[in-house]
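Close look at the chain arrangement
Residue strings, one per chain:
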Amino acid sequence: YCIIPHIRGKYRSRKIEEITEEAKRLASSGTKELIIIAQDTTYYGMDIYGRLALPELLKELCKIDGIRWIRLMYCYEDKITDELIDTMAREEKICHYIDIPIQHSSDRILKAMNRKSTKTSIMSTISKLRAKMPDINIRTTLITGFPGETEEDFQETLDVVRKANYDTAFTFIYSKRSGTPAAGMENQVPEDVVKDRFSRLLTLVQEKGRENSSRFQGTIQEILVEDENREKGTLTGRTQHNLLVHFPGEKDLIGKYVKVSLDTCKGFYYFGSLAE
């Protein structure tokens, strides 16, 4: 159903030594945070080492002086191993944030999407992550309206959203992509049905996201200051959990880590103040 793998071709991993050398150059030029991203980050190493080598790569990157945070994006649930979870929990530089694009929660639809996850495995992985890192922020991606999706299938996705407590979920309506098997599938879901399901999914995702994000209200968090807001004298930065925070401060703090009190939760962002 996704056209990107068809466009990009087979997965191609870079050697650990090559990545770490680049990371060292970045650190020497002032970079403080690394974002590890790929079409499937958790597949890293299979093509060149014959094994899932992401934990090994992360351990090497954590040794680099000057790098404070390492953030993971696009980690597929079926390859999130116990070793990876243990590495994330043990290494202080790895942010307690992970992006897991599950797309759906119905076993039948996941199989039709050619995905190896199941509803049970998704919930098991999330439980393991939260057991090791209770404060972890989990982001996901969800699609509704995939060909053949029934109301029962859709309810499976709503059930996981309720139980998994995602902090952020990007929701999309399925759309045909020429050249993908899904485009030729029968039982395309009527547009009005898809829109209704999307509306219900979005409402639940926003409700759960606001509820989960508010758990940090009243805490003091370390912020990497990114920029000055449109309102002069107000800075914007992010926590290791990827929460956006606005707070009063001087421009010379940009690019630095500061302690900020998260005073008011506004749903998916905070207003805060510099902690003394």
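Further remarks concern the overall build of the chain. Secondary structure summary: the chain contains nine helices and ten strands in total. Whereas a compact globule of 276 residues would reach a radius of gyration of roughly 19 Å, the chain reaches 20 Å, a difference of no more than 12%. For the chain, the spread of C-alpha atoms along the three principal axes comes to 60 × 45 × 35 Å. Long-range contacts, defined here as pairs at least 24 residues apart, represent 73% of the contacts in the chain between residues at least 6 apart.

The next subject is the packing of helix 8 (residues 151-164) against helix 9 (residues 191-213). Two elements in contact, helix 8 and helix 9, have axes whose closest approach is 10 Å; the angle formed by their N-to-C orientations is 10°. The angle between the axes of helix 8 and helix 9 places the two elements in the roughly parallel class. Facing helix 8, whose interface residues are E151, F154, Q155, T157, L158, V161 and R162, helix 9 presents R197, R200, L201, L204, V205 and K208. A per-class count over the contact of helix 8 with helix 9 returns six nonpolar, two polar and five charged.

The next point concerns the pattern of salt bridges. The full count for this structure, using the stated rule, is 25 salt bridges. Among the salt bridges present, the one from D159 reaches K119, with a minimum N-O distance of 2.7 Å. Separated by 40 residues along the polypeptide, D159 in helix 8 and K119 in helix 7 (residues 119-132) bring together distant segments of the chain. This pair shows no difference in class: D159 is buried, exactly as K119 is. E149 is paired through a salt bridge with R197; the nearest N and O atoms lie 3.0 Å apart. Of this pair, E149 sits in the loop between strand 4 (137-144) and helix 8 while R197 sits in helix 9; the two residues are 48 residues apart in sequence, bridging distant segments of the chain. One exposure class covers both E149 and R197, and it is buried.

The next thing to look at is unusual backbone geometry. Phi angles above zero are rare outside glycine, and Y74 is one such case at about 55°. Mapped onto the elements of the fold, Y74 is located in the loop between strand 2 (69-72) and helix 5 (82-90). Of note, Q103 is a non-glycine position whose phi angle comes to about 75°, a positive value. Positionally, Q103 belongs in strand 3 (residues 94-103).

Let us now look at the packing of helix 2 (residues 16-28) against helix 4 (residues 54-61). Relative orientation of the contacting elements helix 2 and helix 4 amounts to 30°, with a least axis distance of 10 Å. With respect to each other, helix 2 and helix 4 are oriented roughly parallel. In terms of crossing hand, the pair formed by helix 2 and helix 4 is right-handed. Touching I16, I19, T20 and A23 of helix 2 are E56, L57, E60 and L61, all from helix 4. Residues belonging to the contact of helix 2 with helix 4 are distributed by class as follows: five nonpolar, one polar and two charged.

Under the counting rule described, the total for this entry stands at five aromatic pairs. Between W69 and Y257, the ring centres sit 4.9 Å apart and the planes meet at 80°, which makes this aromatic pair edge-to-face. Of this pair, W69 sits in strand 2 while Y257 sits in strand 9 (residues 257-265), and the two are 188 residues apart along the sequence. By relative accessible area, which is 6% here, W69 ends up buried. Ring centres of Y269 and F271 lie 5.7 Å apart, and the angle between their planes is 85°; this geometry places the pair in the edge-to-face category. Of the residues examined, Y269 reaches a relative accessible area of 31% and is grouped as partly exposed. Residue class for F271 comes out partly exposed when judged on its relative accessible area of 37%.

Sheet topology places strand 8 (residues 244-248) next to strand 10 (residues 269-274); three bridges connect them, and they run parallel. Looking across to strand 10, one finds that H246 is bridged to F271. Looking at chain direction, strand 9 and strand 10 are connected through five bridges and run antiparallel. The partner of L262 across the bridge, within strand 10, is G272. Adjacent in sequence and paired antiparallel, strand 9 and strand 10 are bridged by three residues, among which G267 carries a positive phi angle near 100°.

A separate point is the environment of T118. Relative to the assigned elements, T118 resides in the loop between helix 6 (107-112) and helix 7. For T118, a relative accessible area of 30% gives the class partly exposed. In this structure, the C-alpha to C-alpha distance between T118 and G267, residues 149 residues apart in sequence, is 30 Å.

With that settled, consider the sheet that holds strand 6 (residues 220-228). Read around the closed barrel, five strands run 6-7-8-10-9, paired in mixed fashion. Within the sheet, the average angular offset between the axes of one strand and its neighbour, ignoring direction, is 50°.

What counts, and where the lines are drawn
Residues numbered from 1 in each chain as written. Predicted model: local features only at pLDDT ≥ 70, side-chain atom pairs only at ≥ 80, totals over all residues. Heavy atoms only, no water. Helix = DSSP H or I, 4+ residues; strand = E, 2+ residues; numbered from the N terminus. Rg over C-alpha atoms; globule rule 2.2 N^0.38 Å. Contact = heavy atoms within 4.5 Å. Axes fitted to C-alpha atoms, helices over the stretch in contact; angles between N-to-C directions. Parallel < 35°, antiparallel > 145°, perpendicular 65-115°, else oblique. Nonpolar A, V, L, I, M, F, W, Y, C, P; charged D, E, K, R; others polar. Salt bridge = Lys/Arg side-chain N within 4 Å of Asp/Glu carboxyl O. Buried < 20%, exposed > 50% of the residue type's maximum accessible area, 1.4 Å probe, protein only. Left-handed = near helix turned anticlockwise from the far one by under 90°. Phe/Tyr/Trp six-rings, centres within 6.5 Å; stacked < 30°, edge-to-face > 60°. Pairing = 2+ DSSP bridges.

Interpretation in functional terms is not warranted from these geometric data alone.
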